[in-house]
Amino acid sequence: MRHFEIKLNPAAKNVVGQPVKHESAIAQVQGKAPYVDDAVLPQGALHAYPVLSPVAKGKLLSIDASALDAISGYVCMLTAADIVGKKDIGPVHPGDVLLAENEISYHAQPVAVVVAESYEQARIAARAVVVEVEETAAQVDVKTGLKNQDWVRPPYSFERGDIDTGFAAAPHRLQGELSVGGQEHFYLEGQIAMAMPAEEGGIFVKCSTQHPSEVQHLIAEVLGLPMNAVTIEMRRMGGAFGGKETQAAPWAILAAMACRKTGRAVKLRLARAEDFKLTGKRHPFFNRYEVGFDDQGRILAADIEVNGNCGYSPDLSDSIVDRAMFHSDNCYFYENVRVTGQRVKVDTVSHTAFRGFGGPQGMITAEAIMDDVARYLGKDPLDVRKANLYQPGRDLTPYHQKVEQFVVGPMIDQLCAEAEYHKRRQAIIEFNKTSPVVKKGLAVTPVKFGISFTAQHLNQAGALVHVYYDGSIHLNHGGTEMGQGLNTKVRQIVAQVFGVNIDRVGVSATRTDKVPNTSATAASSGADLNGMAALNAATTIKDRLIDFIAEEYAVAKDSIHFENDEVVYAGGSLGFAELAKKAYFARIGLSSTGFYSTPKIYFDRNEGKGRPFFYFSHGVALTEVEVDTLTGENCVTAVDVLHDVGKSLNPALDIGQIEGAFVQGMGWLTTEQLHWRDNGELMSVGPATYKIPAIGDTPKHFDVKLYDSENPEYSVFRSKAVGEPPFMLANSVWCALRDAVASISDYRYSPPMSPPALPETILNAVNATRVWLNEKAKADQAMETTDAE
Amino acid sequence: MIEFLLNEQPVELDDVAPTLSVLDWLRTKTGLTGTKEGCASGDCGACTVVVGQKENGKVHYKHLNACLMLVGSLHGKHLVTVEGLTAAANAKLEELHPVQRAMVECHGSQCGFCTPGFIMSMFSLYMNEPAFPGKDKVIHALGGNLCRCTGYKPIIEACERMYSYPRTTAPFMQAADKFFNCTLCSNPGLSDGDRVFYLPQSLRELVELKSSYSQAKLVAGGTDLSLEFTQQLKLAEEVISLVDVQELKTITEDEHGLKIGAMATYEQFMPALLKHYPEASELFNRLGSSQIRNAGTLGGSLANASPIGDPAPLLLALDAVVEVICERGSRVIPINEFFLGYRRTQLHEDEVISAVFIPARQADQKLACYKISKRMEDDISSVLLVLSFQLVENRMVNVKSGFGGMAATPVAAESMAQVMEGKDFSEHNIQQAAAALTADFKPMSDVRASQHYRLQVCQNLMQRFWLEQSSGIATRVSHAAL
């Protein structure tokens, strides 16, 4: 395994590090960038749509399709009985069923799929099927599930030090709990797949998925085919955010089943309401904590329990709750600590990956702890945060990975100086004294996010690079483009290796027959893994070209440079296209695969010790808000961010990721509420009732800067992953809102305000603070009376 | 048959289902797949198109949700899609329309799926505003477009940047000139054989049709009715569209008050109404999105009788009168008698709302309009409060109110009005009024808010009103939508 270290020549015209525009931008703004639903349908193509259970829980008695023959365009219906291969499509552990066969596990669970001539006919037919279920009571309350110890996977915990000793030594002690809301991905392009018959009984599927290889694998298993008979193609997604990591597969598999049955192309696209009902969300969590701390607010003991509401099946919940555990420390050193993670089963759709993958739900607990401790001690929360930061000597995480790069402290200092934290804090205290209705709040929160899949084997990637003899370059890699600009970054990397203009490098759709056995594009790892694999592939070809030039022109290899679209060697130069042509005629192989696997990482889950993360990405956000204490209406007025992406591969794309992640995180913590009825039915099933941030919610002042640093590890051009970490910068919004409400108590009470902090949640926090003030006044009065006596 | 212009191409269309949306037609029948389906419910803006229409001799372009617009209503109009903005087949950056170029240069597209919709909203802004109109107007115009990737900042920047290039006209201008100057078929309509889309060209024709086909669905702006087709998959036999009935679009005013034609869109009647009742601006500026306000009408909102429609509470507090017409004649219905129950009104099967009359502002009239929702923009109210009274020698008289989200219909708070009527305008009396709201309402808990919140917020809004009237204390957060 080669791990490349390439130093950029600052004198050359580098492609890496430039704010290159998104590879599809010009097509996108003209409506010419095709998504799966835009493809011209093959002749005779059909449409499939799932038939849904009317209830959340019970025994499936019958599926009555007798009404379907009267529906025009109806072709056929398939149920679990039509599955020839595996019926369980659990990605890691079994439990996720493709079509319910006996038991109904959640409301609107698919029990069959109907096929018809048109999309509309398929939807009408699906609704005409009568599904009879012997209904039993659904259980959708996470606390009840917790009490009943109803798990989708076993509990797990790790610890460091001895919390009993820690608590015993602690002068102060606090307990708390936090319900954290889930989140619908709301990718603008809903779930979709189109399956077509292929050669030799095989199948070809276009699918909007972050994980083509898994879709391929599952289709093969369900249809009873070898993987080489199934090909998945994915050019671009209209957003994914984790929601197309495992959740894209069922629809592709159903389309493939229908294609197999009819011998015709079949498209399955979920309408928005069904996309809401049938696909998993970010896990809601119910977390509890007890901390012991000293007069400075330093945590001496922390006992943290994170409880993920997993829905009905395991899906990825094991790893997601693990990641919540791995991030319940955030940037803070707990002297003695125990972290427990539990995976609660409830009768809803199975919750899944979403940007941050449990990290946000763990990290916000750490922030709640910091604020609670600060209010208790009457300190500025920023001082408590700083007192707890990892630092040399206090550098071991609860899972025994050593923190080796201490940039968060300097980042906080830089941001607070540039954005004038202390001046603004003072101004806000003064403002709040004279403003009885509108209160302002301010908060600084840091982020430390571990980069690597925690399942070690997933940390691998492949790429394929061809140089054609006209000098154009073809690039393919195992990652998927969902808007994050992965293709653009990998193009930049390949162009950089060959020293050519980026326009020479074309990227083609991700295909399982080009690069096999890929991991999902997830865990922020897309550029780290695929960029390295492409770098490897391109460098292999470049090395051959160097050998060729060295021999052809009898020059030393180290005199040969690829720069500015040409190759320069001692005594001469060649245009890149000319070189490609010469090399072709000299019968030099101009194509190569590349492979990469992340070094250094391991984790012993039994011991709860190891180095699950190759490195950490960091960020700091300073957020100011306004709250209307009569209604709970609120506004994020100013945000300053300093974020660490190492040496940025593309600052424009990186800043785009940071801004977008921040606003998405803000939505999670403020306006986005998932509302399930007690019977398990989801009531927020579209943008009319589920409110993601709109354009007016973008902070008026929104300044994002990249922190000047480089990755201490050998990552691709010393960059750092950027997809997920900045999502958690939005924790500062929640803390600032809570800060605004706490001002009513002169910052001595930390009101309960479980996210999402809707206007209603905030008004309730205001109410709770007023109750606290009244009780305190009564107590003070009683004390005075006692004193007087 | 209907006739319209699609980008540069004249189109004649006949054999089409009356409930087919412009979005589905574009995507399945024309190969123009640039217009995207994000939600098919008018809430995300991914399908935004720009539609040109000749009114009073001048062509106006506005942005609309293609998913809520029925194909039949395109008759006589110019439909512009994202494909229509650039002439070159393989355009380079510099050859793009300024709107598109700005979006690329500001890195405003990531996944790109919402991008065509944004481009069209921005194009509408570009057509209607000759120079950068300021950030607030940008936000107002783009509030109905959702983006999940960017956080919107680069898109806001692009809206400023697009004015920095030389101003260009779109490639379709010549075709549009020609189209708007030719004579179209005088008897437009659509039918797929079984089902019919009627396009009456006059009020007389409309009432005759409604008399003959009393079960027919009347469609005005379609911002709510279309959901029956796209979400509930209902198949209407007959649809009668009111879009071409010019008599229903007039807005007139005299010393008695303001008469708003049932088919005047929000954008069309807002200036006339807000001139007299500027306090209602928050209500209308936050009603739906720009796309919705460009399509929705007062007649449609009232006939629909949703408990959460925002205009009705205002009309209740202002003592408005609904004018209805049918072949048998016309009559007026006071707004407080108009709603009978959840989505039920006094309208008879053959009747059509022709206009809404709003009395002239009274001397010393105080008015408060407050909308509360989870999100400031494009959100349905969890609570809407409108309060009106005359302040005569510091006494509150003629107290009227209208509340949304508090009951099965938009409704006035009678107990509160009784408590206030004739009393001094004082903090104590406003507090008493707020307390009386508990006798007026037993709101429900639903996906938007709990019963408790709804009631407490209404009471707190009374406090807000008092503070606004009696002190200089800040009562609102500084959001762009406020």
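Going by the annotation in an unreviewed UniProt entry, the name recorded for chain B is Xanthine dehydrogenase small subunit, with Reinekea marinisedimentorum given as the source organism.

Under an unreviewed UniProt entry, the name given to chain A is Xanthine dehydrogenase large subunit, and the source organism is Reinekea marinisedimentorum. Taken verbatim from the UniProt record of chain A, the Sequence similarities (unreviewed entry) comment is "Belongs to the xanthine dehydrogenase family."

Draft legend 1. Summary view of the domain arrangement of chain A. Residue and element names in this part refer to chain A. Here the domain parsing of chain A yields domain 1 (25–33 + 460–597), domain 2 (43–138 + 185–278) and domain 3 (285–454 + 605–772). The straight-line distance from the C-alpha centre of domain 1 to that of domain 2 is 37 Å. Of the residues lining the interface, 20 residues belong to domain 1; the matching set on domain 2 comes to 19 residues. Buried surface at the junction of domain 1 and domain 2, both sides included, amounts to about 1500 Å², of which 51% is carbon and sulfur. On inspection of domain 1 and its partner domain 2, the count reaches 1 salt bridge. Put simply, E233 and R511 hold a salt bridge, and the shortest N to O gap is 3.0 Å. Our count for the contact surface shared by domain 1 and domain 2 stands at 6 residue pairs in polar contact (both at pLDDT 80 or more). A breakdown of the residues in the side of domain 1 that touches domain 2 according to their chemical character gives 7 nonpolar, 10 polar and 3 charged.

Draft legend 2. Geometry of the interface of chain A and chain B. Tallying the contact residues gives 79 residues for chain A and 82 residues for chain B. Taking both partners together, chain A and chain B bury about 6700 Å²; carbon and sulfur atoms supply 57% of that area. When the buried area of chain A at its contact with chain B is split by residue, A:V29, A:L188 and A:I695 rank highest and sum to 12% of it. At the junction of chain A and chain B, the tally comes to 11 salt bridges. Salt-bridge contacts for B:E37 lead to A:R269; the nearest nitrogen and oxygen are separated by 2.9 Å.

Draft legend 3. Quick peek at the sheet that holds strand β7 (residues 196–198) of chain B. Residue and element names in this part refer to chain B. Read from one edge of the open sheet, 4 strands run β6-β7-β9-β8, paired in mixed fashion. Two strands lie at the open edges of the sheet, namely β6 (189–191) and β8 (217–219), each paired on one side alone. Each adjacent strand pair in this sheet contributes to an overall mean axis angle of 20°, direction not counted. Examined bridge by bridge, β7 and strand β9 (residues 238–241) share 3 bridges and lie parallel to one another. Within β9, the residue paired with F197 across the bridge is V239. Contacts between helix α7 (residues 203–212) and the sheet are confined to β7, β8 and β9, with β9 contributing the most and set at about 160° to the helix.

Draft legend 4. Fine view of unusual backbone geometry. Cis rather than trans, the peptide bond between A:P755 and A:P756 has omega equal to 5°. Locating A:P756 in the fold gives a position in the loop between α17 (731–742) and α18 (759–788). With a phi angle near 60°, B:D319 is a residue other than glycine that sits in the positive phi range. Following the sequence through the fold, B:D319 ends up in the loop between α13 (311–317) and β12 (321–326). The phi torsion at B:R343 lies on the positive side, around 55°, for a residue other than glycine. Position of B:R343 relative to the elements: it lies in the loop between β14 (339–341) and β15 (344–345). The class of B:R343 is partly exposed, set by a relative accessible area of 37%.

Draft legend 5. Region of the structure containing the sheet that holds strand β28 (residues 634–644) of chain A. Residue and element names in this part refer to chain A. With respect to topology, 4 strands assemble into an open sheet ordered β16-β27-β28-β29, the strand pairing being mixed. Of all the strands in the sheet, the pair left with one neighbour each is β16 (438–451) and β29 (701–706). For this sheet the average axis-to-axis angle between neighbouring strands, irrespective of direction, equals 15°. As judged from the 6 bridges shared by β28 and β29, these two strands associate in the parallel manner. Its bridge partner being in β29, V639 is matched across the sheet by F702.

Draft legend 6. Expanded view of the packing of helix α9 (residues 359–377) of chain A against helix α10 (residues 381–388) of chain A. All names here are of chain A. Taken N-terminus to C-terminus, the directions of α9 and α10 make an angle of 120°; their axes are 8 Å apart at the nearest point. Comparing the axis directions of α9 and α10 gives the class oblique. Helix-helix and strand crossings are classified by hand; for α9 and α10 the assignment is right-handed. When α9 is examined against α10, the residues E367, M370, D371, V373, A374 and R375 are found in contact with a partner set consisting of P381, V384, R385 and N388.

Draft legend 7. Spatial organisation of the UniProt feature "domain: Aldehyde oxidase/xanthine dehydrogenase a/b hammerhead" (unreviewed entry) in chain A. Mapped onto this numbering, the UniProt entry gives "domain: Aldehyde oxidase/xanthine dehydrogenase a/b hammerhead" (unreviewed entry) at residues 30–137 of chain A. Along residues 30–137 of chain A the backbone is 9% helical and 32% strand, and the end-to-end C-alpha distance reaches 51 Å.

What counts as what
Residues numbered from 1 in each chain as written. Chains lettered and ligands numbered in written order. Predicted model: local features only at pLDDT ≥ 70, side-chain atom pairs only at ≥ 80, totals over all residues. Heavy atoms only, no water. UniProt positions renumbered as here; feature names shortened; annotations may be inferred. Domains from an automatic or database assignment. Contact = heavy atoms within 4.5 Å. Buried area = accessible area lost by both parts, 1.4 Å probe. Salt bridge = Lys/Arg side-chain N within 4 Å of Asp/Glu carboxyl O. Polar contact = N/O pair within 3.5 Å; in protein donor to acceptor, adjacent residues only side chain to side chain. Nonpolar A, V, L, I, M, F, W, Y, C, P; charged D, E, K, R; others polar. Pairing = 2+ DSSP bridges. Helix = DSSP H or I, 4+ residues; strand = E, 2+ residues; numbered from the N terminus. Axes fitted to C-alpha atoms, helices over the stretch in contact; angles between N-to-C directions. Buried < 20%, exposed > 50% of the residue type's maximum accessible area, 1.4 Å probe, protein only. Parallel < 35°, antiparallel > 145°, perpendicular 65-115°, else oblique. Left-handed = near helix turned anticlockwise from the far one by under 90°.

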